Amino acid sequence: MSLDWIYYAISWILLAWHGAWDAIGVPDAAVIGTNWAWILAIVFLVVTVRVILFPVFVKQIKSQRAMQALQPQVKALQEKHKGDRETLQKEMMELYRKEKANPLMGCLPMFLQIPVFLGLFHVLRRLNPDKSEAGKTLYGWTLGQFESASAAKLFTAPIAGKFGSTAEELSRLGANGTTVKIIAGILVLVMMGTTYLTSRQMILKTGWAEDPQQRMIQKLMLYGIPLSLLISGAIFPIGVIIYWVTNNLFTLAQQQWVLRKFPPPPTAASKPGTSARNPVQPAKTGGLLGRTKAAPQAPAKPAAPKVAGPKPGAKPVNPRKSGPAKRQG
């Protein structure tokens, strides 16, 4: 299947934003070694895509809430069909169908962004000044736009360069290999860190899933994907890494807003009649790193002084007669 329609769409959005910034007055020439019109075009490519996918993101949050609400029933099914995996899967699928919950909805926004990522990767990888005129004007580009983009830099590192660029590729781009490796290396580390934080933010707010499959997906999102970027980041053009980092920052802000608007459901431990054994910890609200301030404890009331009771067999004392006896006249 041809992906040309994706390449045309990504090119159109990228060129439209570059033209908009150029019209506003953002200089096309390098300032501080950076061609800001092209950098902003990549940043606002992210904004455009995320605005389009925002309704899908809200559905993802609602689906995750539905999955959380079903956790007690899922746990009951796991206890009931322990050892019978086939029956358990059938019962869980029936439960999801009945309650209209989709376990795969949590990954849908990420899957929908893959074509955009691949399209930008392909478009930026083509920014080779040695290409023929027909190659430069592919996907709706003009010669001037292509030459401007192929010369675009971030702190003197070409946006088409990558950490693993060969000496020949760097020579065609007119780039310094050490500079490209430093800028690309820093961006890869930032990409890994922000990818980890986006997953951690969601897990801190919603908690770990009871379903083993869902928990495995959470662990993959939290640890597996950031670690894989350490290797794959070497083949990503700098412009693609800028896109990824911007997308992560947008996700952090968007998740924070949506999680406040659609807070997690109350845990089972808060319901009356539930066992106090192994209570569920409340969701952390202290930020991305899970730091929370200790709740101030109410000062303890001073204990009332103990009053000694009368000894057994003692006569009752009348406090009114405890004063000095009156003299009789």
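First, a word on scope: everything that follows refers to the structure included in this document.

Basis of the calculations
Residues numbered from 1 in each chain as written. Predicted model: local features only at pLDDT ≥ 70, side-chain atom pairs only at ≥ 80, totals over all residues. Heavy atoms only, no water. Helix = DSSP H or I, 4+ residues; strand = E, 2+ residues; numbered from the N terminus. Buried < 20%, exposed > 50% of the residue type's maximum accessible area, 1.4 Å probe, protein only. Contact = heavy atoms within 4.5 Å. Areas by Shrake-Rupley, 256 points an atom, 1.4 Å probe, with all protein chains shown as cover. Expected span 1.5 Å × (residues − 1). Polar contact = N/O pair within 3.5 Å; in protein donor to acceptor, adjacent residues only side chain to side chain. Phe/Tyr/Trp six-rings, centres within 6.5 Å; stacked < 30°, edge-to-face > 60°. Bend = angle between axes of the 7 residues up to and from the residue. Salt bridge = Lys/Arg side-chain N within 4 Å of Asp/Glu carboxyl O. Core = buried A, V, L, I, M, F, W, Y, C linked by side-chain atoms within 4.5 Å. Axes fitted to C-alpha atoms, helices over the stretch in contact; angles between N-to-C directions. Parallel < 35°, antiparallel > 145°, perpendicular 65-115°, else oblique. Left-handed = near helix turned anticlockwise from the far one by under 90°.

**A look at the overall build of the protein chain**
Next up, step 1: In terms of regular secondary structure, the protein chain is built from 11 helices and 2 strands.
Next up, step 2: Mapped from its N terminus to its C terminus, the protein chain presents α and β elements in the order α-α-α-α-α-α-α-β-β-α-α-α-α.
Next up, step 3: By residue count, 37% of the 329 residues in the protein chain fall in the buried class.
Next up, step 4: Across the protein chain, the fraction of contacts at a sequence separation of at least 24, relative to all contacts at a separation of at least 6, is 71%.
Next up, step 5: Accessible area for the protein chain stands at about 20,500 Å²; split by element, carbon and sulfur atoms hold 63% of it.

**Some remarks on helix H11 (residues 238-261)**
It helps to recall that an α-helix has 3.6 residues per turn; residues three or four apart then point in one direction.
Next up, step 1: When the terminal C-alpha atoms of H11 are compared, their 35 Å separation across 24 residues agrees well with the 34 Å that a helix rising 1.5 Å per residue should span.
Next up, step 2: In terms of residue burial, H11 counts as a mostly covered element, since 17 of its 24 residues are buried.

**Focus: the side chain of asparagine 128**
Next up, step 1: Its location among the elements puts asparagine 128 in the loop between helix H5 (108-125) and helix H6 (133-136).
Next up, step 2: At a separation of 3.2 Å, a polar atom in the side chain of asparagine 128 contacts the side chain of arginine 172.
Next up, step 3: Non-local contacts of asparagine 128, meaning those with residues more than four positions away in its chain, are made with Lys136, Phe146 and Arg172.

**Topic: the packing of aromatic side chains**
Next up, step 1: Under the criterion given, the structure shown has 14 aromatic pairs.
Next up, step 2: Between tryptophan 17 and phenylalanine 44, the ring centres sit 4.8 Å apart and the planes meet at 45°, which makes this aromatic pair tilted. Placement of the pair is tryptophan 17 in helix H1 (residues 4-24) and phenylalanine 44 in helix H2 (residues 36-69), with a sequence separation of 27 residues.
Next up, step 3: Residue tryptophan 17 is classed as partly exposed on the basis of its relative accessible area of 27%.
Next up, step 4: With relative accessibility at 24%, the residue phenylalanine 44 sits in the partly exposed group.
Next up, step 5: Here tryptophan 36 and phenylalanine 155 contribute two aromatic rings whose centre-to-centre distance is 6.3 Å and whose plane-to-plane angle is 85°, an arrangement assigned as edge-to-face. Here tryptophan 36, found in helix H2, pairs with phenylalanine 155, found in the loop between strand E1 (153-154) and strand E2 (157-158); they are 119 residues apart in sequence, far enough to count as distant.

**Considering unusual backbone geometry**
Next up, step 1: The phi angle at isoleucine 32 is positive, at roughly 55°, despite the residue not being glycine.
Next up, step 2: With respect to the helices, strands and loops of the structure, isoleucine 32 is situated in the loop between H1 and H2.
Next up, step 3: Phi at threonine 156 takes a positive value of approximately 70°, unusual for a residue other than glycine.

**A word on helix H10 (residues 212-232)**
Next up, step 1: Between its first and last C-alpha, H10 extends 28 Å over 21 residues, near the 30 Å set by a 1.5 Å rise per residue.
Next up, step 2: Leucine 220 marks where H10 bends most, by close to 40°.
Next up, step 3: Every buried residue of H10 is listed here: Gln214, Gln218, Leu222, Pro226 and Leu229.

**Quick word on the pattern of salt bridges**
Next up, step 1: By the definition in use, this model includes 5 salt bridges.
Next up, step 2: In this structure, lysine 90 and glutamate 86 form a salt bridge, with 3.7 Å as the shortest nitrogen-oxygen distance. Of the two residues, lysine 90 and glutamate 86 both sit in helix H4 (residues 85-99), 4 residues apart, roughly one turn of that helix. A single burial state applies to lysine 90 and to glutamate 86, both of which are exposed.
Next up, step 3: A salt bridge links lysine 162 to glutamate 169; the nearest nitrogen and oxygen atoms lie 3.4 Å apart.
Next up, step 4: A relative accessible area of 25% places glutamate 169 in the partly exposed class.

**Comments concerning the nonpolar core**
Next up, step 1: In this structure, Leu120, Trp141, Phe236, Ile238 and Tyr243 are the most contacted members of the largest nonpolar core, which totals 49 residues.
Next up, step 2: At the level of elements, H1, H2, H5, helix H7 (143-150), helix H8 (167-173), helix H9 (177-206) and H11 are the ones that each hand at least two residues to this core.
Next up, step 3: At 8 residues, H2 tops the list of elements feeding residues into this core.
Next up, step 4: Those residues in contact with leucine 120 that lie beyond four places of it in its chain are Ile10, Leu14, Ile42, Leu45, Gly239, Val240 and Tyr243.
Next up, step 5: One finds Val74, Leu77, Leu95 and Ala101 within the second-largest nonpolar core, a separate group that totals 9 residues.

**Comments concerning the packing of H2 against H5**
Next up, step 1: Where H2 contacts H5, the two axes come as close as 9 Å, and the packing angle between them is 160°. With respect to H5, the element H2 is oriented roughly antiparallel. Taken as a pair, H2 and H5 cross one another with a handedness that is right-handed. Side by side, H2 and H5 meet where Ile42, Leu45, Val49, Arg50, Leu53, Val56, Phe57 and Gln60 of the first sit next to Leu108, Pro109, Leu112, Gln113, Val116 and Leu120 of the second.

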